[in-house]
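Listed here are the chains, written in short residue letters.
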Amino acid sequence: MARKAKKRTEAPPPADDGDVTEEESVHDDDDAQMDTEGDDDDEDEDPAVEETKKSETSDKDSKKKDKKTNEEKAEAAMIPFMDTFYHLSSEDSTSDRAIAARDLIHHCFLTKQGVNHKDAAYALTRLMNGLCTGRAASRQGFASCLSSFLRVAHSSSLNKSDVSAMEEILKEDDCAKELKEDMKDAHPAVIVRQKLLSTTQFLAAPVNSNEKGQNKKTSGGKVKGIEERDHAFGRLFGVLAVVRSGLLRSKDFPSEVVEGYTKDLIELFHYKKWMKEPSAHAVIELLSSLDTESNLDLIEKITNDVITPTFFLSKGNDRVKWLQTLTPEQIAVALHLQMLQTDAIKYAYPLDTPVVTAESVPTLSAALGSTSSVVHPRCHVVWNSLWMYLTEEVKTQGHRQLRANEEFPLIVEKIIQHVVLDILLGKGEESAKPTNERRSLALQIVSALSGSSELKMDLPMSLIGSILSPEVVTLVFVNVLCASGGVGKKSGVEHNLKPLTSQVLVDLINHCCEDVNVDRRMAFAKAFLLTDPRFDTKTKTQTVSSLLMIENGAEMSEEFESKRVTLWQNYLTFLEEEIVSATSLHNATVYIELMYKLAKRDLTEAPANEARRVVRFFMSGAFFDCSDLSDPSVPKKSSSKKKKKDKAKATATSPPQELSSGLRIKEILKANGMASISHPARAIMSARFYSLLSEFISAINSQNRGGNTNKTFYGKGSRPESVFRALSEISGISSLLETSGAKKFPRPSPSVDADEDSDSEDPVEASRKSMLRVQKIANEALVKECGGSGDADTLRSKAVFATSCASLMISLDLQLNSCGNPDADGGEEDEDDDNVEAVHEYISDLADCVDGFSQVIEDESSFKKKDDEENPLAMMAGLLVNILSSPVGGEDSGKTNPIQASASKLARETVKLAWSGIISVITSLNEKNASLKTLVDEDVMSILIESVCGENSIEDQEKGEDDESIEESVTSEDGLGDSAVFVDATDAGMDLEEVKDNNSDDSKESDDESGQDGTDKDGDEDVELDPIKLENLLLEDSDAEMSDNGVHGVLEHHAGADKALAALIKLRQEARKASQTERERIELCNRLRCASLLDSLFSLSVSKSGWLPIEAVLGSIVPILRSRKAIAKSIQASSSANAKKSLNEKNALLDRLSLLMKDKISKFRCSEGSSSQEVALKASSDIYEEMKQSLNVSHCSCCSVALITAVKCIPNAEGSDEIKDIYSTAIDEWSSRKTTKIHSCVFDDLIQRMPSQASLILVEPLMTAAAGAHSPFLKCESIKLLSAIYKHDASNSEEVMSKDAKSAVTKCCSKVAETLKDALGDSSLKKAKHRDEVLSAIKNVVNYVKAQDEGILTESELCSLQETLKAVGGNCKSAGMKQLCVQVSDTISRLPRRSEVEEQKPKRSKTPKTPKSSKKPKKSKK
């Protein structure tokens, strides 16, 4: 065996310090020569120069010493020679093996004595033996070291002679000596190969025939077991070490050795099945290591003489059968050889023609598909060879592109079809079920062709659709990423390939993002969208969004942003084609949603050109028949030849931007042979048109509020002006489409009674005239504002008012558009035109309101002279409330129309804008035009308050049921059961016989009556019963069995008819309750929408301007509070299922009213002087009465804020006895009555919002409550409020403490201290939490006294309080409480004392000895 040749030698002794290498001696001679030359010129040189030269010489000497020292240190740090072999097998890291190899080669070849031939020979043998070792990483480390060893050993520069070091090394090797005796004058490479073969022998050596009984362990036998496998791999790694050493590229390397190594690898290929791929890979690497320029003949010779007859085993001339027998490894080698083929290389059959062609791919698909056994992350060598064969490297970009061969694109398509789909994904007829391994290989193929692999292939965009076909994307990506659970699996368990698939998608996106190639990004995005338009949503990724740069919200360069614009334009073009040509409503809907999503994304930044394009497309496709649309810029056809020539010479002009969408729709319809877009798709487009337009307006509003003037939609104009321009643009496009040949889809016009005059004006034309009139007013106002002819504020206000109202007018006019009648039979009901009639009425009324309000703005006396006419502001408020409360701007009861819902959203936005415009006009011009202030009168406030709080909110409401009565009614109804239905029916005056007749099929008279007026005799609305519930109600179990299994199947009537009738009545009542609940919900929604009008009226800007009448503000408080209480009661009583349906709306309205009171109305400040006192006092009294009936703490808090708002409107409120009586009475009721509805938040709010007022009127009542409240809790609350008065921070309050308030607090300090001292001794306040409150209050009072400049409390008062604190501290068990008592007691000791002389003076005045002193007090009293 070759392993017996191992010989352990010791490392040579280290060189002496005085020894130097040949290189170093050469450098020393050079330096000496330089010094000699310098000495010749010593006489002529200056002494300074001599010193410089000496310093340079000393520097060189020091450098040489440092170099020598470093080399000695490095040599000392080197691994010992024998230990390097152990470190070569280290599996900890590749760096350990590399360091060991470096030290081994340094020891053998780079020592100071030269080449160590003896150790090098031992190392060569040891390295080859190590190839056959499977321990740790021996094979990898020894092979790598052997490659470097051979490269260094064959270098002739290591010896002075021309003989290479390898020849000298082989002379020292015993095994090589034996081989050299047999092969005299052989090249060292030949001997090295023979040595490698003998060391890695794994097959049986040839023996004589008479030696059959030879021992198996002798040299002629076969190596068995694991040794055979290790030796086979050892030979493979040994050959690869030679290949990677680069020796095969040398000119003097023997060609027969190259052929020999090739035969060795082919022998390994045929050895075992698991050795085929590594051997084929080694053959490819061997061929790649040859220099293709100088070794063309050698490559051709090896291929024709060695590889073709032994590797491919071609027999016969049937090429098809030969292709069927090829293995993946043979295909890989063939592809590599044919990739190297040039005109100078001619291969023999069967490699004379390409192996992989479009025709041969189906034949080779089985072999290629079998490589799925090689699992990720490794891929079979055939695929790398195939990609290298099909592509070539682009040097400028570092990517690979498809070679210039017409057949290669077709090969790629065939691979996807026959290998990926048919074999790996199981779509072929005879294919097996796809496994995870096959899916993994399919994913790797798709990844490589998509450019997300290490090769970074950039295939033509025309192939991306074939590579990422819908079938491939569905099976490879969607099914894997969306898989969750399955048969026999737990739900929520993700697919095994999900991490790999997600990573492939990420790599694909990163590859596309390396350079912004718009066409490539769009091609990939189209491939995913054509598979499933909701690809991102289903897979929960951002693949398409990232490719289209939709999710990228960061700042971009101008170049990057321009490319994104181009990408979005291409994306919209794709979506337009898919929407118009969609054959199913589902596809059309999804693509419409994608377009809508992109438009919303584009609205985040101005100028939003793509969003405008989407708006034009939705409008053109939803409301217009574009089949006859023509481009007005294109001249008409002429029969003259001369004109035709001139037309051909003329440059082509693009159509107007306003008509581009309509012309695009016409083009797509014509290309697909379609007449028009389907009606359901038009309906969805119309709904999205209104939604997107409302989003556009919201974006304009938000941008103008932010004050960003860098990028705006319509310049630096106001919000109403920008919105008006946007809507005018849409209206202008609609008119241009009509004039260019597009036809609006018909809509049933409102019917006209026969009694009316035949010459009555068409409502459509009348609405159009009204809109044009208002638009003219707005345009004139804008022109005047730009011209500046007049007062700037007046012109600005007029422009804001006119443009805001014109915007509302245009939004109403847009609702008159229709998407046409459904594409169905005429038997369907026509569309209800009630909303159309309402829109016409609103447009007419709005035009009248604009005219009337414009007159008031122009002429101040116009409104005063015509008192009999209605207030124009009241007319406008009523109109806006009607719009918001109707389906035009709100919600329709019992109907779900997405188109109308989206249109109403647009109307609501413009209603808010119009009302804000009116409020801004009054705010700006109220000082110049006093009549504007009088517009907000009782009528206006009644309309607004009733729209938000209900119709009866202004009138005095009767006291409703309390909570106990509600609960009793519910309990009694549940207890009666079925009989309760009869009781309810009797109470309602319902005739049971009539109910029975109304539900029978034979009663036609009752149906006719109900059909005329839509109500019953009781005045209730007709309710349609569910026929299934009705049948289940009348059919019992026995009837069901007889009906199903009986002979006749006839339903028998039996006893229990009363019970069935009761259930029938109950069913009808439930239906009526559900209908009533829905109406209530719609009413609540309308009230919520109208609340925005009150928000604008009570906004902070209006409150600061001071023009709002006090009667309007304070008069609205009580109705709002009553409405809020009614809603809160309704929420508490919402126990049934029907009542809970509107619970969200009730809560929303409740919060809205609370915010309106606390954040809007509370900011009002009266500026009308003493005339407002009576109104404020009346409002305060009413609010207090409402407070005494509060439902809960939150409602009491709203009443408290409202009361403070009214108090602030009273001039000199601090001296008002009425306000003092209100709060004193409130404290007395709060502290004495157990059933009181007043809460402590009333007094806490007054302390925080009006500290001066609270200090004057709350201290004494709170001291009384602290001593005599009916519960310990209320006593503590009173003490806490007293503490808040003395702790109040004036810097955080809304007003500063007045002098009277400060004086009052100081005067009451003694009484407060006495009250707190008594509270410490109160037996009802013995609990720890009560004592904590009292001690905290004492601390605050003491701190207040300490902060004063003079003493407030006398010595006796302070000593008494201090003794009480010490007693309490001594008796308590809490350490914290004891510490607090000590701290407060110490503070009291340092407080200044008030002198008690003043208290004794009145006593002295009564004595006869000092008569003068008795007179002085009288004078002081005067």
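In this text the structure is predicted, and so the values were computed from the model without any measurement.

1. Quick notes on the overall build of the protein chain
Then comes step 1: Looking only at helices and strands, one finds 65 helices and 5 strands in the protein chain.
Then comes step 2: Residues counted as buried form 45% of the 1422 residues belonging to the protein chain.
Then comes step 3: Residue pairs at least 24 apart in sequence account for 72% of intrachain contacts in the protein chain once pairs closer than 6 positions are excluded.

2. Some remarks on the state of the cysteines
Then comes step 1: Within the structure shown, the criterion is met by 0 disulfides.
Then comes step 2: Unpaired in terms of disulfides, Cys805 finds its nearest cysteine sulfur in Cys849, a separation of 8.4 Å.

3. Concerning helix α27 (residues 585-602)
Then comes step 1: A rise of 1.5 Å per residue sets the reference length of α27, with its 18 residues, at 26 Å; its end C-alpha atoms lie 26 Å apart and thus fit the reference within 8%.
Then comes step 2: Among all positions of α27, only Ala588, Val590, Tyr591, Ile592, Leu594, Met595, Tyr596, Leu598, Ala599, Arg601 and Asp602 are buried.

4. Overview of the sheet that holds strand β2 (residues 399-402)
Then comes step 1: Pairing within the open sheet is mixed, and its 3 strands lie in the order β1-β2-β3. At either margin of the open sheet sits one strand with a lone partner, and together these are β1 (391-394) and β3 (457-458).

5. Re the pattern of salt bridges
Then comes step 1: Counting across every chain of the model gives 38 salt bridges.
Then comes step 2: With a shortest N-O distance of 3.4 Å, Lys301 and Glu259 are connected by a salt bridge. With Lys301 in helix α13 (residues 296-312) and Glu259 in helix α11 (residues 255-269), the pair connects residues that are 42 residues apart, well separated along the chain.
Then comes step 3: The partly exposed category is assigned to Lys301, whose relative accessible area is 40%.
Then comes step 4: Using a relative accessible area of 13% as the deciding quantity, one classes Glu259 as buried.

6. Side note on a negative patch on the surface
Then comes step 1: Together, Glu946, Glu951, Glu1080 and Glu1083 line one region of the surface with negative charge.
Then comes step 2: Its location among the elements puts Glu1080 in helix α46 (residues 1057-1097).

7. Structural notes on the pairing of β2
Working note: regular strand, side chains alternate between the two faces of the sheet.
Then comes step 1: In the sheet, β1 pairs with β2 via 4 bridges, with the strands oriented antiparallel. Residue pairing in the sheet places Glu393 in a bridge with Arg400 of β2.
Then comes step 2: In the sheet, β2 pairs with β3 via 2 bridges, with the strands oriented parallel. Counted as the bridge partner of Arg400 is Met457 from β3.

8. Observations concerning the nonpolar core
Then comes step 1: Membership of the largest hydrophobic core comes to 371 residues, with the highest contact counts inside it found for Phe149, Phe477 and Leu1258.
Then comes step 2: Among the elements that line this core, the one with the most residues is helix α35 (residues 834-858), at 12 residues.
Then comes step 3: Residues in contact with Phe477, not counting those within four places in the same chain, are Leu443, Val446, Leu468, Val472, Thr501, Val504, Leu505, Phe528 and Phe535.

9. Quick word on the packing of α11 against α13
Then comes step 1: With their axes 10 Å apart at the nearest point, α11 and α13 run at an angle of 25° to one another. In terms of axis orientation, α11 runs roughly parallel to α13. When you trace α11 past α13, the crossing you get is right-handed. Where α11 approaches α13, its residues Ser255, Val258, Glu259, Thr262, Lys263, Ile266 and Phe269 are matched on the opposing element by Leu298, Lys301, Ile302, Val306, Ile307, Thr310 and Phe311.
Then comes step 2: Looking at the contact of α11 with α13 residue by residue, the classes come out as 8 nonpolar, 3 polar and 3 charged.

10. Considering helix α55 (residues 1241-1249)
Then comes step 1: Buried within α55 are the following residues: Cys1241, Val1242, Phe1243, Asp1245, Leu1246 and Ile1247.
Then comes step 2: Contacts made by the buried residues of α55 are with α52 (1173-1187), α53 (1193-1208), α54 (1217-1232), α56 (1251-1257) and α58 (1272-1287).

11. Some remarks on the packing of aromatic side chains
Then comes step 1: Applying the stated criterion to the full structure yields 22 aromatic pairs.
Then comes step 2: Between Phe85 and Tyr122 the ring centres are 5.8 Å apart and the planes differ by 90°, which places this aromatic pair in the edge-to-face class. Within this pair, whereas Phe85 is found in helix α3 (residues 81-87), its partner Tyr122 is found in helix α5 (residues 117-130), the two being separated by 37 residues in sequence.
Then comes step 3: Owing to a relative accessible area of 9%, Tyr122 belongs among the buried residues under this scheme.
Then comes step 4: Ring pairing ties together the aromatic residues Phe202, Phe233, Tyr271 and Trp274, which thus form one cluster.

12. Brief notes about the environment of Lys744
Then comes step 1: Positionally, Lys744 belongs in strand β5 (residues 743-744).
Then comes step 2: Taking the relative accessible area as the measure of exposure, Lys744 reaches 35% and is therefore partly exposed.
Then comes step 3: For the pair Lys744 and Asn817, spaced 73 residues apart in sequence, the C-alpha to C-alpha distance is 7.7 Å.
Then comes step 4: Apart from the residues lying within four places of it in its own chain, the contact partners of Lys744 are Phe623, Phe624, Ser734, Glu738 and Asn817.

13. So, the side chain of Asp1245
Then comes step 1: Mapping Asp1245 onto the fold places it in helix α55.
Then comes step 2: For Asp1245, which is buried and forms no salt bridge, the nearest opposite charge comes from Arg1249, at a distance of 4.9 Å.
Then comes step 3: When near neighbours in sequence (up to four residues on either side) are disregarded, Asp1245 contacts Ser1197, Ser1200, Val1201, Ile1204 and Met1250.

14. A closer look at the confidence of the model for the protein chain
Then comes step 1: Averaged over the protein chain, the pLDDT score is 79; the fraction of residues at 70 or greater is 76%.
Then comes step 2: Low confidence marks residues 824-831, where pLDDT is under 50. Its contacts with residues over four positions away, or in another chain, come to 3 contacts.
Then comes step 3: Below pLDDT 50 for its whole length, residues 1398-1422 participates in 7 contacts with residues either more than four positions away or in separate chains.

15. Let's talk about the environment of Ala687
Then comes step 1: Turning to its location among the elements, Ala687 is positioned in helix α31 (residues 679-706).
Then comes step 2: Relative accessible area serves as the criterion here: at 10%, Ala687 is assigned to the buried category.
Then comes step 3: Along the sequence, Ala687 and Ala622 sit 65 residues apart, while their C-alpha atoms lie 8.9 Å from each other.
Then comes step 4: Look past the residues within four positions of Ala687 in its chain and what remains in contact with it is Pro898, Ile899 and Ser902.

16. Regarding the packing of helix α49 (residues 1117-1132) against helix α51 (residues 1143-1160)
Then comes step 1: In contact at an axis separation of 10 Å, α49 and α51 are set at 150° when each is read in the N-to-C sense. It follows that α49 is roughly antiparallel to α51 by the angle criterion. The crossing of α49 and α51 is left-handed. Contact residues: α49 offers Ile1117, Ile1120, Leu1121, Ser1123, Arg1124, Ile1127, Ala1128, Ser1130 and Ile1131, while α51 offers Leu1143, Lys1146, Asn1147, Leu1149, Leu1150, Leu1153, Ser1154, Leu1156 and Met1157.
Then comes step 2: Of the residues contributing to the contact of α49 with α51, the split by class is 12 nonpolar, 4 polar and 2 charged.

17. Thoughts on unusual backbone geometry
Then comes step 1: Cis rather than trans, the peptide bond between Tyr349 and Pro350 has omega equal to 10°.
Then comes step 2: Positive phi is not limited to glycine here, since Lys540 has a value of about 55°.
Then comes step 3: Mapping Lys540 onto the fold places it in the loop between α24 (535-539) and α25 (543-547).

Reading the values: the criteria
Residues numbered from 1 in each chain as written. Predicted model: local features only at pLDDT ≥ 70, side-chain atom pairs only at ≥ 80, totals over all residues. Heavy atoms only, no water. Helix = DSSP H or I, 4+ residues; strand = E, 2+ residues; numbered from the N terminus. Buried < 20%, exposed > 50% of the residue type's maximum accessible area, 1.4 Å probe, protein only. Contact = heavy atoms within 4.5 Å. Disulfide = S-S within 2.5 Å. Expected span 1.5 Å × (residues − 1). Pairing = 2+ DSSP bridges. Salt bridge = Lys/Arg side-chain N within 4 Å of Asp/Glu carboxyl O. Patch = residues over 30% accessible without salt bridge, like charges linked within 9 Å, V, L, I, M, F, W, Y side chains within 5 Å. Areas by Shrake-Rupley, 256 points an atom, 1.4 Å probe, with all protein chains shown as cover. Lys, Arg positive; Asp, Glu negative; His and termini not counted. Charge placed at Lys NZ, Arg CZ, Asp CG, Glu CD. Core = buried A, V, L, I, M, F, W, Y, C linked by side-chain atoms within 4.5 Å. Axes fitted to C-alpha atoms, helices over the stretch in contact; angles between N-to-C directions. Parallel < 35°, antiparallel > 145°, perpendicular 65-115°, else oblique. Left-handed = near helix turned anticlockwise from the far one by under 90°. Nonpolar A, V, L, I, M, F, W, Y, C, P; charged D, E, K, R; others polar. Phe/Tyr/Trp six-rings, centres within 6.5 Å; stacked < 30°, edge-to-face > 60°. pLDDT = per-residue confidence, 0-100.

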